[in-house]
Amino acid sequence: MDFDIPEEYRILRDSIRRFTDRELIPINEEVEQTKKIPDGIIDQMKEMGLFGILTPEEYGGMGMTVVASCMIQEELSRANICYPMFISGNIGIGTMGIVHFGNDEQKKKYLPAMASGEIYSCFALTEPNAGSDAAAIETRAERKGDTYVINGLKHYITRGNISDVFTVVAVTDKAKRHKGMSAFIVEKGTPGFSIAKIQHSMGTDICQQCELVFEDCAIPAENLLGEEGQGFAIAMGVLEEGRLSLGARAIGIARRLIELSREHAQLRVQFGKTIAEFQAVQWMLADMATELYAMKTMLYDAAWRLDQGNRNRARAGMVKLFCTEAIGRIADRAVQIHGGMGYMEEAPIESVYREVRGMRIYEGTSEIQRLIISRDVLKNGLKSLDYD
Amino acid sequence: MDILVCMKQVPDTETKIVINPEGTGIVTDGIKYVMNPYDEFAVEEALKIKEKMGGTVTIVSMGPQRATEAIRTALAMGADKGVHLCDDAFEGADSYSTAKALAAAIKPLSYDIILGGKQAVDHDNAQVYAALAELLDISHVSIVTQLDVAEDGKSAVAQREVEGGAREVIEVSLPAFIACQKGLNEPRYASLPGIMKAKKKPIDVIDLAKSGLSADEVGEKGAKLKIRKFFLPPEREAGKILEGEPEELATQLVKLLREEAKAI
Ligand SMILES: Cc1cc2nc3c(=O)[nH]c(=O)nc-3n(C[C@H](O)[C@H](O)[C@H](O)COP(=O)(O)OP(=O)(O)OC[C@H]3O[C@@H](n4cnc5c(N)ncnc54)[C@H](O)[C@@H]3O)c2cc1C
Ligand SMILES: Cc1cc2nc3c(=O)[nH]c(=O)nc-3n(C[C@H](O)[C@H](O)[C@H](O)COP(=O)(O)OP(=O)(O)OC[C@H]3O[C@@H](n4cnc5c(N)ncnc54)[C@H](O)[C@@H]3O)c2cc1C
């Protein structure tokens, strides 16, 4: 067994790490205050090819592996989770539906522009009455001549306010429940489609969530993605990559929080000693590092297996569940080690603490992950852990 | 333009240096190695010249097996090919025997200009390029912060940093060695397509036999300099905090400065 990182990946990781250290970490405060990633940084991200990590090379992407994608997202997250979130539509659910289910024309029309970052994409599934139970969506799409007419409301849609192309999941045949759901490509500016509002959250809100409204929004029939009835499959089709991405981001954030906590503990003097000399603080650092190691090991194991073509929803669910819950504990300890400073806006800790809270909710709540994992254990034993 | 860049892989600047028990070198276990930061400026400048004037960029590096990673990084930034002087015989070199090996690798190549960092941040000798230029019988310009290559590629105007922030402007005929300083440019980050392409770019490995040199001309044997001992500066002692009324404090401070620190 060899768990060493191959040279090619180290070059990739170091390049992104240098970019993160030199360009992103120094502007963190500014980005959090303005709630905007500077245009110059976005341009650099485009030049580096970050919007096309997983898009196949024939459509202008990098055709890279899930391991590579995770490494890139991990490094970027050390600065701020807003960077992987900013590209997450183009390297994930906003684009991969077209990669896997799109026809030739759709691929040619959208993928190169998405891979270069010329246009941004996002994915709209969640509705007020359908969150964890995605099959309960009520947005409808009715075939009328050579159009589909969409009516309904979506909410919590990340980057809806800046996206150019939306993959929208709607019901085409109510009787068939999740088999009657279909996915559509909707472009910004289509009459009858609007962003109703930006939904402010407890997070840093650099990448925002939006409410989308469809009122008799007619789109060309050729914008159907895949076939009628494939909407649920499209929605579920790229969940594993998305869930591993969250694991990668949690790892990057954990590294940064541990670096900051270590520095603070070694500088802060109370009772005549650095607080790093108190066992209570040492043990917090020990627990943080141990959880990070577990997160890192399980993520890259799962990502590598996915790259070998071994898809497994339970395994991806375990990574998502453990990493997002662990980052909650790690962020909590980072606040604790920083004392009052960890609670105040002056230090770069409290915003991370707020931001990571959402990770246990989006891309499937912790409870939904446990549901997937427990079903798998009951059905298959420990097969998903490769004990077969 | 055929552009060469001399590049060295060095310990990351954030490495905490530990001297080995014998005092003959540093403990290399667990060290992370990176491209010498000043060589990054050289690679960037080479790529800029290529973008403007066309041609090829070749990375020349001497170092153990692990140095291929730094060469590939330069290829990922956009350089075209690598030349890797790699042989146990090259180990333990000083500036002179390094220059000797580099010169042997460079002589058969066609080149219009050679770039490199103003020094490597490991031993900080800043001597290799001068020795190399001498061995190749070309000029060198050190500590360059601005470079303009003439349109015909026959000469260049370089600005050097000198004491007090002043600049010296030097016109040099090419080929010449340009030793790059911070401020020359902003090195680019290897892009994802660059990293993918770098995998397929050639690295020519040159061992002792291929270099045409003999074992006693290179590495430790060929060195003019023998390092006797490595040691770290003594750790800074904790500061002293004086207490009392301002007048007493001043007296105490003067006393300490005179008697203990011997500063006044
Ligand atoms: C920051 C953020 C970004 C988002 N981005 C997007 C996006 O880009 N596109 C998109 O379509 N959606 C997006 N979402 C929506 C997200 O996917 C949903 O919020 C999530 O699936 C949970 O749905 P819900 O909020 O309706 O909560 P609910 O489903 O109402 O869940 C409430 C609670 O009930 C629990 N629960 C529900 N069902 C079960 C069950 N069967 N067993 C046990 N417990 C259960 C849940 O775990 C949770 O604790 C985003 C959400 C957030 C917060
Ligand atoms: C919201 C808020 C309101 C406040 N209001 C007031 C106020 O009105 N008036 C006022 O005077 N102060 C106030 N404070 C200050 C508060 O009392 C201090 O923040 C608190 O005592 C912790 O001190 P510190 O922030 O300096 O952290 P530190 O003392 O530096 O602690 C940092 C970390 O080291 C640990 N640590 C320190 N010493 C030891 C030890 N011996 N053994 C083990 N672990 C140790 C701590 O538990 C903590 O985890 C407030 C703070 C906050 C956050």
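Reading the values: the criteria
- Residues numbered from 1 in each chain as written.
- Chains lettered and ligands numbered in written order.
- Predicted model: local features only at pLDDT ≥ 70, side-chain atom pairs only at ≥ 80, totals over all residues.
- Heavy atoms only, no water.
- Helix = DSSP H or I, 4+ residues; strand = E, 2+ residues; numbered from the N terminus.
- Rg over C-alpha atoms; globule rule 2.2 N^0.38 Å.
- Buried < 20%, exposed > 50% of the residue type's maximum accessible area, 1.4 Å probe, protein only.
- Contact = heavy atoms within 4.5 Å.
- Lys, Arg positive; Asp, Glu negative; His and termini not counted.
- Charge placed at Lys NZ, Arg CZ, Asp CG, Glu CD.
- Domains from an automatic or database assignment.
- Buried area = accessible area lost by both parts, 1.4 Å probe.
- Salt bridge = Lys/Arg side-chain N within 4 Å of Asp/Glu carboxyl O.
- Polar contact = N/O pair within 3.5 Å; in protein donor to acceptor, adjacent residues only side chain to side chain.
- Near = heavy atom within 4 Å.
- Areas by Shrake-Rupley, 256 points an atom, 1.4 Å probe, with all protein chains shown as cover.
- Nonpolar A, V, L, I, M, F, W, Y, C, P; charged D, E, K, R; others polar.
- Phe/Tyr/Trp six-rings, centres within 6.5 Å; stacked < 30°, edge-to-face > 60°.
- Pairing = 2+ DSSP bridges.

**So, the overall build of chain A**
Secondary structure summary: chain A contains 14 helices and 10 strands in total. The C-alpha radius of gyration computed for chain A amounts to 21 Å, which stays within 12% of the reference 21 Å derived for 388 residues, consistent with globular compactness. Each of the three principal axes of chain A carries a C-alpha extent, and together these read 80 × 50 × 40 Å. Looking at chain A as a whole, 55% of its 388 residues qualify as buried. In chain A, 74% of the contacts between residues at least 6 apart in sequence involve partners at least 24 apart. When the 45 positive and 55 negative side-chain charges of chain A are each reduced to one mean point, those points stand 4 Å apart.

**Looking at the domain arrangement of chain A**
All names here are of chain A. Each assigned domain of chain A is listed here: domain 1 (7–116), domain 2 (121–231) and domain 3 (233–385). The C-alpha centroid of domain 2 is placed 24 Å from the C-alpha centroid of domain 1. Contacts between domain 1 and domain 2 engage 23 residues on the former and 21 residues on the latter. A combined buried area of about 1,700 Å² lies between domain 1 and domain 2, and 61% of that area is made up of carbon and sulfur atoms. It is Lys 35, Phe 101 and Tyr 110 in domain 1 that bury the most area against domain 2; as a group they hold 29% of the surface buried on that side. In this structure, the connection of domain 1 to domain 2 is made through one salt bridge.

**Topic: the pattern of salt bridges**
One side chain can pair with another of opposite charge once the charged atoms of both are near each other. Throughout the structure, instances matching the rule amount to 38 salt bridges over all chains. Its salt-bridge partner being B:Lys240, residue B:Glu260 comes within 3.1 Å of it at the nearest N-O pair. Of the two residues, B:Glu260 sits in the segment after helix H8 (246–259) while B:Lys240 sits in the loop between helix H7 (219–222) and H8, which places them 20 residues apart along the sequence. According to the relative accessible area criterion, B:Lys240 is exposed, its value standing at 57%. Look at the salt bridges and you will find they share partners, linking A:Arg17, A:Asp21, A:Glu74, A:Glu75, A:Arg78, A:Arg255, A:Arg256 and A:Glu259 into a network.

**Quick look at the side chain of A:Gln369**
Residues and elements named next belong to chain A. Relative to the helices and strands, Gln 369 resides in helix H14 (residues 366–380). For Gln 369, the side chain forms a polar contact with the main-chain oxygen of Glu 363, separated by 3.2 Å. Within the local environment of Gln 369, its side chain forms a polar contact with the backbone oxygen of Gly 364, the two atoms lying 3.0 Å apart.

**Describing the site of ligand 2**
Residue and element names in this part refer to chain A. Neighbouring residues of ligand 2: 13 residues in total, closest Arg 268, Gln 336, Ile 337, Gly 340 and Tyr 343. The backbone of Gln 336 places a nitrogen or oxygen atom 2.7 Å from an oxygen atom of ligand 2. In the model, an oxygen atom of ligand 2 is placed 2.6 Å from a nitrogen or oxygen of the Gly 340 main chain. Isolated, ligand 2 exposes 970 Å² of accessible area, and the fraction of that covered by the protein chains is 44%. When residues of the shell around ligand 2 are traced back to their parent elements, those giving at least two are helix H10 (279–307), helix H11 (313–338) and helix H12 (340–343). When the residues that make up the shell around ligand 2 are grouped by side-chain class, the tally is eight nonpolar, four polar and one charged.

**Description of the packing of aromatic side chains**
All names here are of chain B. A full pass over the atoms with the stated rule returns 10 aromatic pairs over all chains. Taken together, a centroid distance of 5.7 Å and an interplanar angle of 15° make the contact between Tyr 129 and Phe 177 stacked. With Tyr 129 in helix H4 (residues 128–136) and Phe 177 in strand E10 (residues 176–180), the pair connects residues that are 48 residues apart, well separated along the chain. A single burial state applies to Tyr 129 and to Phe 177, both of which are buried.

**Details of the pairing of strand E2 (residues 140–144) of chain A**
Summarising the sheet, E2(A) and strand E3 (residues 147–158) of chain A pair through five bridges and their orientation is antiparallel. If you follow A:Arg143 over to E3(A), its bridge partner there is A:Tyr148.

**What about the domain arrangement of chain B?**
Quoted interface sizes are often the accessible area lost when the parts come together. Under the domain assignment, chain B is made up of domain 1 (2–222) and domain 2 (237–264). For domain 1 of chain B versus domain 2 of chain B, the distance between C-alpha centres works out to 49 Å.

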